[in-house]
Amino acid sequence: MEQILANGVYLGSQYAMIALGLTLIFALMNVLNFAHGQMYVIGGFVTYTFYGQWGVPFVLALVMSCVTLAILGALIERFLFAPVIKGSAREESTMLLAAGIAFFLDAVILLVFGEKQRGVPKIVDGVFNYDFRLIMPYDRILICVLAILSIVAFIGLMQYTKTGRALRALAQDRTAAQLMGVNVDRYSMIGFALGAMLAGLVGGLLVTITGVNLGMGGPTSIKAFMMVMIGGAGVISGAIWGGIILGFMEAIGLAVLYQYGDITYLLIFVSLMIFLAIRPQGLMGKPWG
Amino acid sequence: MLGFTSKQLIGVGIFLFMIFIGVPLIIGATGRWDFYFTLTSVALLAIASAGVWLTFYIGRINIGQGAFALIGAYVSAILVVKAGWSFWISLPAAGLFAAIVAILIGLPILRLRGVYFAMITLVLTQVVTLTALALPITNGAKGISNIPLPSGISLFGIPILPDFAGMENTKLAFYYTACVIMILTYAALYRLVNSRLGHLCRSMQQNEELASSIGVNISYIRIVIFAISSFFGGLGGAMFGSIAQSVYPSSFQVADSVNFMLNCFLGGLGYVFGPMLGTLVLYFGWDLLFEFGKYQMLIYSTVLILIIRFLPNGLLSIRIGKGGDK
Amino acid sequence: MQRRSLMKAALTAATLTAFGATAAFAENPVLKIGFVGVTSGPAAAWGISNQRSMEARAAWINETGGYTIGDTTYDIEIVSFDDQKDPKRAIAGMEKMAQEGIHYVVGPNVDDGAAAVRPVAESNGIMYFPYAFPKSLYQAPASNAVLGMVANYQSGPAIYKYLMENEGVKTVAFIAANESDPLSQRDGGVEAATALGMEVVSDNVTYQVDTTDFTPVLTPVMRAQPDLLVLSGVSPANAPQLIRSARELGFQGLISTETAQDAGVLAEGAGDLANGFISVGGASTPELASPMMIEFVQRYTDMFGEYNDESNTKVYALEYILETLKVDPSAITDVDAFQTTMDTFEAPNPYMNGDAKLRYVGMTSFGQRRQVAVPLVVNVFQDGAFETLFVAEVD
């Protein structure tokens, strides 16, 4: 039981971080960013290169991941998403752009970083073992704490800074925000950069545990979509809840249903579908997002 | 041919001439026999994409067509291999089965809109793949292989369709079959869009509440459209299974569902023939870039991004010339 | 440094592909050999190690004057097609090979692709060498597929038997990804273990290929406390994470797999925790690798910046094709002649020390000779490198 809870908290915190960036971008621009997973992978590879290859301190490597992705995100918003959103008759067209960017980043990752699975040396050694009822390696505990701290910092940023207030205003009502004097173009770019940065940060954090390879991008995006849907699209608290719930669903599902083997995930997905059919806007989303 | 301008008729005539006579002539002249399969794939994927386009028409983003294509492929394969049916009867049966599944699933999920519908259909693709892995009738992980080629059909002793197994060149036969089904699909689609049902769909795309308030039975229309859409998916999938002579849980997966949707976006959501063009460009484009080796993906995605950057309303918007300002 | 060498490798490869078809070669006629497999996306590692082995070997042959078959000396050109692990694309790739007039193709890498290309290969007279295990591909009436490696139902029993006799292993647990290939391999493994009289304590735990945390997946398996944990059909990306999670959960027993792995990836991903991990490879260890193997690894590394141990088994398919053609030059265009030659073909194995032979096997498993005899070298990972555990033969 303790083990299931601990697994759930650990999975939930990392999932929530992935979902946060995605939901932020969705809230601001109504873009379902298919390339989110690829951004996460790039974040992982940047940390791998700096920390694993060149021996730069881990924290500095993490910062490099964040900076790289923030710049990448800002450029993508400024030169691709913004003009396409302006010119398209139906805003869903951005999905094609997002998918194109996902393919592009996949190709770049393959050419620059290669096809192999990569990993970095452990940041902390040792395993926390409480009477074999709760087993958790120390590096996992550290990453989990870092993830929770980042989430708290992000919420603080959104709640108490000028940028955060502007972003929230933008998410609520674009036109109204513009009328109130918010520079919509500038804050869209900042928001997108922030979303991409979160993806990079979590990629950098997780490379110490799971390693990184170019195949992780697509599936990560899809998982992030699911979390966002559980919590409600475009709602920050929803993304956090969605991540935690999916984390616990996996932890509990795998522990309880393991003897059914092949259908564990089938059951998880089916229950997700039933949940969404009953509550279409997710836990705390606006209906018809 | 009531209601068609002569220009439209000529256009359709040229198109039919091209695919049935022009393409074989060109392939015969250049000796690029491998293009038959590529174009057959384009035709089949365009059928499934037509279904996705139709759900867009009622304002739903559908990322679940891979699920129905997989269902269609399995139904046809099981009917042919285990029940001994003729492929030609299993083909509509596959479509119908997909449509029935779509009605059952559509009842609860068609209430959803926007990204929520998109997501639930995406999850549906995974559910169907995992179900195929778990069920005994689908042979689980081992898939169904060694599916016989379509057999001939004769009515009162007169052969209507030849036996594929006895043929020298099944490529050509599959190409013609796929093209005929594709043309029927798009003719049906065109007819549907220009019917009363089509007008109702457009009103729903604009505003469901409003459409409902003026007496449109929106839930009925949604189900009908989703069922037709999935019928197309089932057809396309079943044909593919027959060409590959094998079906695996991974024959159609999330990536395929996403591609079907991208085909519609690329061609243009406002045009009936958009998905056909989108499929041609996306699928054939990949093959044409074969020469670039490891840079294939890089160039492919760059071109894709440039197209959507400068033609955000799809390729067909060039003709109309209204892209650029909303 | 790492990244720079990778860039350099990328540039080299680009130049090769760009000029491969046109200029670089001298007057020798060109013999084209195909590759259809996955070289982009999540499973890129499988196909790329394959493609690079072939390109490295071809470049080596061409550099040293070409390959003589009959009276003609050929330059070897590798034509690669990326099927993106999609069976529909794989068919297109095989059509492409037929278009190029190619009769010998290596790949595809997975079950569904290998099954899907069969109609095209058989109707166009193409022999293909898949890395997929379903027996129906190789048993009559199928005729044109040749298994390019040792199947898990062949290596599995050998490994289990060895471990029963030498390590006293009695109980075994299986874990597999929820996908066609790994699930089939798991079922094969369970069957083999049961036949040997081992007790299978857990065989229904699966994981999604995109799993990032294996602790919840492994916890129920650990509760069964097996002597041996088999990672069926595990991908090189997942192997280190599974090993690490199992060890961190306090698992003391043995861990093995029947697929080829890369020592570098294991060392990076699991470090010392991977010590004792058993996998299958080619002539990968120092005492087995012949001078030719060592030179191959060197050339591969120079060409692409970094070697992949999976290539130890993947170097063979091209060698088999060429050696067999040498025995009967008419087989270059005549696949039937190739199939006839396969029954009697035998040549020394250039990549392995000792008197190992290249020959076609598979009578026991398939009833016809439709498998290349890659030496079944069972490795154990120790401090960053593989050591030979034992060597066996497949018949």
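Residues numbered from 1 in each chain as written. Chains lettered and ligands numbered in written order. Predicted model: local features only at pLDDT ≥ 70, side-chain atom pairs only at ≥ 80, totals over all residues.

Caption draft 1: Main features of the sheet that holds strand S4 (residues 104-106) of chain C. Residues and elements named next belong to chain C. With respect to topology, five strands assemble into an open sheet ordered S2-S3-S1-S4-S5, the strand pairing being mixed. Each of the sheet's edge strands pairs with one partner strand only, and the pair in question is strand S2 (67-69) and strand S5 (127-129). Neighbour-to-neighbour, the strand axes of this sheet turn through a mean angle of 35°, independent of strand direction. In this fold helix H2 (residues 44-63) packs onto strand S1 (30-37), S2, strand S3 (72-82) and S4, with an angle of close to 160° to the strand it touches most, S3. (Pairing = 2+ DSSP bridges. Helix = DSSP H or I, 4+ residues; strand = E, 2+ residues; numbered from the N terminus. Axes fitted to C-alpha atoms, helices over the stretch in contact; angles between N-to-C directions. Contact = placed C-beta atoms within 7 Å.)

Caption draft 2: Inspection of helix H9 (residues 239-248) of chain C at higher detail. Residues and elements named next belong to chain C. Counting buried positions over the ten residues of H9 gives ten, a clear majority of the element. Those residues of H9 lying buried are Ala239, Pro240, Gln241, Leu242, Ile243, Arg244, Ser245, Ala246, Arg247 and Glu248. Once H9 ends, the next one or two residues include Gly250, with phi positive near 90°. (Buried ≥ 20, exposed ≤ 12 C-beta atoms within 10 Å, placed from the backbone.)

Caption draft 3: Quick peek at the pairing of strand S2 (residues 134-137) of chain A. Residue and element names in this part refer to chain A. Sheet analysis places strand S1 (residues 127-130) next to S2, joined by four bridges and oriented antiparallel. Counted as the bridge partner of Tyr130 is Leu134 from S2. Here S1 hands over to S2 after three residues, with Asp131 in that stretch at a positive phi of 60°.

Caption draft 4: Focus on the pairing of strand S7 (residues 199-207) of chain C. All names here are of chain C. Where strand S6 (residues 171-177) and S7 come together, six bridges link them in parallel fashion. Of the residues in S7, the one forming a bridge with Ala173 is Ser202. The handedness of the S6 to S7 crossover, carried by helix H7 (residues 180-195), is right-handed. (Right-handed = clockwise from strand over helix to strand, strands pointing away.)

Caption draft 5: Focus on the interface of chain C and chain B. Tallying the contact residues gives 28 residues for chain C and 29 residues for chain B. Elements that contribute at least two residues to the side of chain C that touches chain B include exactly helix H1 (2-20), S3, helix H3 (87-99), helix H4 (111-116), helix H5 (118-124) and H7 of chain C. A total of eight residues in the side of chain C that touches chain B trace back to one element, the largest contributor, which is H3 of chain C. Residue classes in the side of chain C that touches chain B are distributed as twelve nonpolar, eight polar and eight charged. (Nonpolar A, V, L, I, M, F, W, Y, C, P; charged D, E, K, R; others polar.)

Caption draft 6: Seen up close, the interface of chain A and chain B. Across the contact, 40 residues belong to chain A and 42 residues belong to chain B. The element best represented in the side of chain A that touches chain B is helix H4 (residues 94-113) of chain A, accounting for twelve residues. When grouped by side-chain class, the residues that make up the side of chain A that touches chain B number 31 nonpolar, five polar and four charged.

Caption draft 7: Structural context of the environment of Thr301 of chain C. All names here are of chain C. In this fold, Thr301 is placed in helix H11 (residues 291-304). Residue classification places Thr301 among the partly exposed residues on the basis of 15 C-beta atoms within 10 Å. Residues Thr301 and Ala56 lie 245 residues apart in sequence; the distance between their C-alpha atoms is 9.0 Å. Those residues in contact with Thr301 that sit more than four places away from it in its chain are Glu306 and Tyr307.

Caption draft 8: Up close: the sheet that holds strand S11 (residues 346-348) of chain C. Residue and element names in this part refer to chain C. The strand order across the open sheet built from three strands is S11-S12-S13, with neighbouring strands paired in antiparallel fashion. Here the strands that pair on one side only, and so sit at the sheet edges, are S11 and strand S13 (371-372). Looking at chain direction, strand S12 (residues 357-361) and S13 are connected through two bridges and run antiparallel. Counterpart to Val361 in the pairing with S13 is Gln371.

Caption draft 9: Spotlight on the packing of H2 of chain C against H11 of chain C. Residue and element names in this part refer to chain C. Packing of H2 against H11 leaves a shortest axis separation of 9 Å and a crossing angle of 105°. In this view, H2 runs roughly perpendicular relative to H11, as classed from their interaxial angle. From H2, Arg52, Ser53, Ala56, Arg57, Ala59 and Trp60 reach across to H11, where they touch Phe296, Arg299, Tyr300, Met303 and Phe304. Looking at side-chain class alone, the contact of H2 with H11 contains seven nonpolar, one polar and three charged residues. (Parallel < 35°, antiparallel > 145°, perpendicular 65-115°, else oblique.)

Caption draft 10: The confidence of the model for chain B, seen in detail. Residues and elements named next belong to chain B. On average, chain B scores 87 in pLDDT, and the residues at 70 or more come to 95%. Model confidence for chain B, summarised as mean pLDDT per element, is weakest for helix H13 (residues 317-320) at 66 and strongest for helix H3 (residues 65-81) at 96. This stretch, residues 321-326, has a pLDDT under 50; its non-local contacts, to residues over four places away or in other chains, come to nine contacts. For this predicted complex, the interface score ipTM comes out at 0.88, alongside a pTM of 0.90. (pLDDT = per-residue confidence, 0-100.)

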